[in-house]
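In case you want the letters, here they are:
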Amino acid sequence: LPLPREGGQSREGETQAAIVDEGVEHAAEHRKISSVMCAAQVGYELARAALNWSMGEEEEAIKNLLHDIATIMHENSVDREESVEALTGALSAQISGVMSQCNVSHALASAALNWSMGDQYAAVDNLIEDIQSIMAANSVSWPEAVTALTLALADCPPDTYSEGIDAPP
């Protein structure tokens with residue numbers, strides 16, 4: 001049994017509170033993404049990227065997306081739908097570039113791109129550095145280091161994968 005702590009709260013209670021806080025944070029993030037999606041009329045991945053690149057500021061993400069959409073429409077004489085498709089395609093191409101250069105999953109490449117504020121070259125450099133650091137510190141192979149980063153990104157305990165759930169690629 002967990003030992004009671006000051007105020008009668010157990011360590012187990014602290015863990016449950018942390019889980020609740022994490023769930024609330026996750027829900028707030030999804031609410032922000034949904035808000036950006038609706039206001040800018042874009043898809044999930046583009047809204048999430050814009051939100052990350054604007055440091056979590058919804059209004060800034062929306063303003064930047066609308067500006068980028070309008071700029072593409074004006075400079076290329078295309079309609080709004082084509083402009084959004086172009087932005088989405090550009091983001092997908094950047095993610096694919098990181099995936100192929102680092103041999104990582106879509107999720108890890110997308111996260112690396114978000115962490116580098118959309119700079120594909122920085123995303124590749126940072127991801128390679130992180131993978132090599134994990135390899136050196138733990139004497140593991142590239143795929144093992146990538147798996148460790150993927151699990152950390154998913155915040156999923158490694159034993160989940162030993163219970164019949166497929167490990168990430």
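Everything here concerns the structure above.
Treat the numbers as computed from the prediction; the structure is a model and nothing was measured.

### Considering the overall build of the protein
The helix and strand tally for the protein stands at seven helices and zero strands. Counting helices and strands in the order they occur from the N terminus, the protein gives α-α-α-α-α-α-α. Taken over 169 residues, the protein has a buried fraction of 29%. Sequence separation of at least 24 residues holds for 38% of the intrachain contacts in the protein that already meet a minimum separation of 6. With the model as given, the accessible surface of the protein reaches about 10,600 Å², and the carbon-plus-sulfur share is 55%.

### Concerning the packing of helix H5 (residues 106–115) against helix H7 (residues 142–154)
The N-to-C vectors of H5 and H7 enclose an angle of 70 degrees; their axes lie 10 Å apart at closest approach. Comparing their axes, H7 and H5 come out roughly perpendicular. Where H5 approaches H7, its residues Ala-107, Leu-108, Ala-111 and Trp-115 are matched on the opposing element by Val-146, Leu-149, Thr-150 and Leu-153. Tallied by class, the residues present in the contact of H5 with H7 amount to seven nonpolar, one polar and no charged.

### Digging into the pattern of salt bridges
In this structure the tally under the stated criterion is three salt bridges. Between Arg-31 and Glu-58 there is a salt bridge, and its shortest N-O distance comes to 3.1 Å. Pair noted here: Arg-31 is in helix H1 (residues 11–40) and Glu-58 is in helix H3 (residues 58–76), with a separation of 27 residues, a long-range link. We note a salt bridge from Lys-63 to Glu-60, for which the minimum N-O separation is 3.6 Å. One end of the pair is Lys-63 and the other is Glu-60, both in helix H3 and three residues apart, which spans about a single turn.

Cut-offs and rules
- Residues numbered from 1 in each chain as written.
- Predicted model: local features only at pLDDT ≥ 70, side-chain atom pairs only at ≥ 80, totals over all residues.
- Heavy atoms only, no water.
- Helix = DSSP H or I, 4+ residues; strand = E, 2+ residues; numbered from the N terminus.
- Buried < 20%, exposed > 50% of the residue type's maximum accessible area, 1.4 Å probe, protein only.
- Contact = heavy atoms within 4.5 Å.
- Areas by Shrake-Rupley, 256 points an atom, 1.4 Å probe, with all protein chains shown as cover.
- Axes fitted to C-alpha atoms, helices over the stretch in contact; angles between N-to-C directions.
- Parallel < 35°, antiparallel > 145°, perpendicular 65-115°, else oblique.
- Nonpolar A, V, L, I, M, F, W, Y, C, P; charged D, E, K, R; others polar.
- Salt bridge = Lys/Arg side-chain N within 4 Å of Asp/Glu carboxyl O.

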